[in-house]
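# Structural overview for review
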Amino acid sequence: MAGPPVVIWEQEVAALLHYRELVPRLEEALGKFSRRDSREVIQPVRTTLTLQKHHGFLGLMPTYMENDGVLCTKCVCFYKREDGSSLPAVQATLVLLDPEYGNVKAVMDGELITGMRTAAVSAISAKLLMRPEAEVLAILGTGKQALSHYNAFTEMFSFKEVRVWSRTRQKAESFCRSVSGPVTVCVSVQEAVRGADAIVTVTSCTEPVLFGQWVKPGAHVAAVGACRPDWRELDDVLMKEAVVYADSREGAMAESGDVILSGAEVFAELGEVINGTKTAHREKTTVFKSLGMGVEDAVSAQLVFDQWKAITSQP
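Just so you know, these numbers come straight off a predicted model, no measurement behind them.

Take the side chain of Arg46 next. Relative to the helices and strands, Arg46 is located in the loop between helix 2 (19-35) and strand 2 (47-51). A polar side-chain atom of Arg46 sits 2.9 Å from a polar atom in the side chain of Glu255. A polar atom in the side chain of Arg46 sits 2.9 Å from the backbone oxygen of Leu291.

Attention now moves to the nonpolar core. Nonpolar side chains in soluble globular proteins generally cluster together in the buried interior. Core analysis: the largest hydrophobic core is formed by 67 residues, its most contacted members being Met108, Ile139 and Phe159. Two domains each donate at least three residues to this core, and these are domain 1 (6-113 + 295-313) and domain 2 (119-292). Those residues in contact with Phe159 that lie beyond four places of it in its chain are Met130, Ala134, Glu135, Val136, Leu137, Phe153 and Ala198. Phe78, Ala192, Val209 and Ala264 belong to the second-largest nonpolar core, a separate cluster that totals 37 residues.

With that settled, consider unusual backbone geometry. A positive phi angle, near 55°, is found at Arg36, a position not held by glycine. Within the secondary structure layout, Arg36 lies in the loop between helix 2 and strand 2. Overall, Arg36 belongs to the partly exposed group, its relative accessible area being 39%. Of note, His55 is a non-glycine position whose phi angle comes to about 55°, a positive value. Inspection of the secondary structure assignment puts His55 in the loop between strand 2 and strand 3 (56-65).

Another point: the sheet that holds strand 7 (residues 136-140). Strand order in this open sheet of eight strands is 9-8-7-10-11-14-12-13, and the pairing throughout is parallel. Two strands lie at the open edges of the sheet, namely strand 9 (184-186) and strand 13 (266-269), each paired on one side alone. Averaged over all neighbouring strand pairs, the angle between strand axes comes to 20°, with direction disregarded. Looking at chain direction, strand 7 and strand 8 (residues 161-165) are connected through five bridges and run parallel. Considered in strand 8, the bridge of Val136 is made with Glu161. Lying over the sheet, helix 3 (residues 111-129) contacts strand 11 (220-223), strand 12 (243-246) and strand 14 (286-289), oriented at roughly 160° with respect to strand 11.

The subject of this paragraph is the side chain of Ser262. Along the chain, Ser262 falls in helix 9 (residues 257-262). Among the polar contacts made by the side chain of Ser262, one reaches the main-chain amide nitrogen of Ala264 at a distance of 3.2 Å.

Glancing now at the pairing of strand 14. Where burial is concerned, the two faces of strand 14 agree: the one with Thr286 and Phe288 and the one with Val287 and Lys289 are both buried. Pairing of strand 11 with strand 14 involves four bridges; the strand directions are parallel. Each bridged residue has a counterpart across the sheet, and for Ala223 the counterpart in strand 14 is Lys289. Direction of pairing for strand 12 relative to strand 14: parallel, over a ladder of four bridges. The partner of Val243 across the bridge, within strand 14, is Thr286.

In this section: helix 2. The terminal C-alpha atoms of helix 2 lie 24 Å apart, and with 17 residues this matches the ideal 24 Å at 1.5 Å per residue to within 8%. Taken residue by residue, helix 2 has Tyr19, Leu22, Val23, Leu26, Glu27, Ala29, Leu30, Gly31, Lys32, Phe33 and Ser34 as its buried positions. Note on helix 2: the residue one or two positions beyond its end, Arg36, has a positive phi of about 55°.

Our next topic: the domain arrangement of the chain. Domain boundaries assigned for the chain yield domain 1 (6-113 + 295-313) and domain 2 (119-292). Just the C-alpha atoms count here: the centres of domain 1 and domain 2 sit 22 Å apart. If you look at the interface, domain 1 gives 23 residues, while domain 2 gives 32 residues. Overall, the association of domain 1 and domain 2 removes approximately 2200 Å² of surface from exposure, summing both partners, and the carbon and sulfur fraction of that is 57%.

To characterise two packed helices, one gives the angle between the axes of the helices and the distance between these axes. Taken N-terminus to C-terminus, the directions of helix 3 and helix 4 (residues 144-156) make an angle of 45°; their axes are 8 Å apart at the nearest point. Classified by the angle their axes make, helix 3 and helix 4 are oblique. Viewed along their axes, helix 3 and helix 4 form a crossing whose handedness is right-handed. Two secondary-structure elements touch here, helix 3 through Glu111, Thr114, Gly115, Met116, Thr118, Ala119, Ala120, Ser122, Ala123, Ala126 and Lys127 and helix 4 through Lys144, Gln145, Ser148, His149, Ala152, Phe153 and Met156. A per-class count over the contact of helix 3 with helix 4 returns eight nonpolar, seven polar and three charged.

Thresholds, definitions, all that
Here, residues in each chain are numbered from 1, in the same order as that chain's written sequence. Local features are withheld for residues below a pLDDT of 70 in this predicted model, meaning they are given only at 70 or higher, and side-chain atom pairs are given and counted only at 80 or more; totals for whole chains, interfaces and linings count all residues. Side-chain measures were taken over the full set of non-hydrogen atoms in the model, leaving aside hydrogen atoms and water. Counting from the N terminus, the helices are the DSSP runs of H or I reaching at least four residues and the strands are the DSSP runs of E reaching at least two. Identification of polar contacts relies on pairs of N or O atoms within 3.5 Å, with a donor-acceptor requirement for protein atoms, meaning one able to donate a hydrogen and the other able to accept it, and with residues adjacent in sequence counted only if both atoms are side-chain atoms. For our purposes a nonpolar core is just a set of buried Ala, Val, Leu, Ile, Met, Phe, Trp, Tyr and Cys residues, chained together by side-chain atoms within 4.5 Å. Here's how the labels work: a residue is buried when its accessible area is under 20% of the maximum for its type, exposed when over 50%, partly exposed in between, all with a 1.4 Å probe on protein chains only. Residue ranges assigned to each domain were obtained from an automatic or database domain assignment. Any two residues whose heavy atoms approach within 4.5 Å at even a single point are treated as in contact. A pair of strands is considered paired only if DSSP assigns at least 2 bridges between the two. Each axis is a line fitted through C-alpha atoms, taken for helices only over the stretch in contact, and angles between the N-to-C directions span 0 to 180 degrees. Expected span of a helix, by definition, is 1.5 Å for each gap between consecutive residues, and there is one gap fewer than residues. Summed over both partners, buried area is the accessible surface (1.4 Å probe) that two parts give up on being assembled. Any angle between 65 and 115 degrees counts as roughly perpendicular, while under 35 counts as roughly parallel, over 145 as roughly antiparallel, and the rest as oblique. By definition, any crossing whose near helix is turned counterclockwise from its far helix by less than a right angle is left-handed, and any crossing with a clockwise turn is right-handed. Residue polarity follows a fixed list, in which Ala, Val, Leu, Ile, Met, Phe, Trp, Tyr, Cys and Pro are nonpolar, Asp, Glu, Lys and Arg are charged, and the others, Gly among them, are polar.

What follows is the structure, given as structure tokens:
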């Protein structure tokens, strides 16, 4: 009979999960997802329940990887908070199960895992689509996703300048104090993205904040916020002029206001580029629309669990 599930808290996740192991696992998982082989990945589009009273949503993200023996689901609550709110915008829990017996093997705090796997996938998009000579990174937003993206991008790439924009200078300056390297605080989005080679949008905006006329031709944009069909971060000009990539075509068509409301076509999934079935248009302006997928959570959770077993000598 199986024992009680392991509980892995955020501080333990932080000690166990590192981009150098996570990124190759996610690249492999994205490729498997895009092959649409049910023995490799079964993952429905996220199911969402509206929490109307609290201006939020509950998302359920199950994934089964038969060949790898991984069964996982994530419960994630996300909210549209007022500026200055002390309440969290996102809370997530991951559950790892034994696919043969059905018992829960581990329950993990999902906030750090979500932040790191999201940033890692954005960095993978930049690895595939950003011009190799890129020198300037602009980050729009200063929350937890901004921090995880700063860490992933500066670990994987050598930028000469990193810029940040926030709605308040106080938040931008606080962000600068929280990171390990120099960051330029910009007073406007236009100033932050002018001439930038890579742009990361990690805002809570529901209306466009980044406009195509400000974006340097050939830049790469990783668009992470606006995960609802009626929320936007990018304007129609940018969405229609850029070559648009996504983690999941079905997810983008169901959940991304930037894609749905602009009428833009998703050219390819990242996994298709990894598999060599679609082209990486580095010479053009590109947008990666990130929605997040259960398979990303599943491989991340399995990696954390494997690391935990290794250091605790568990079978």
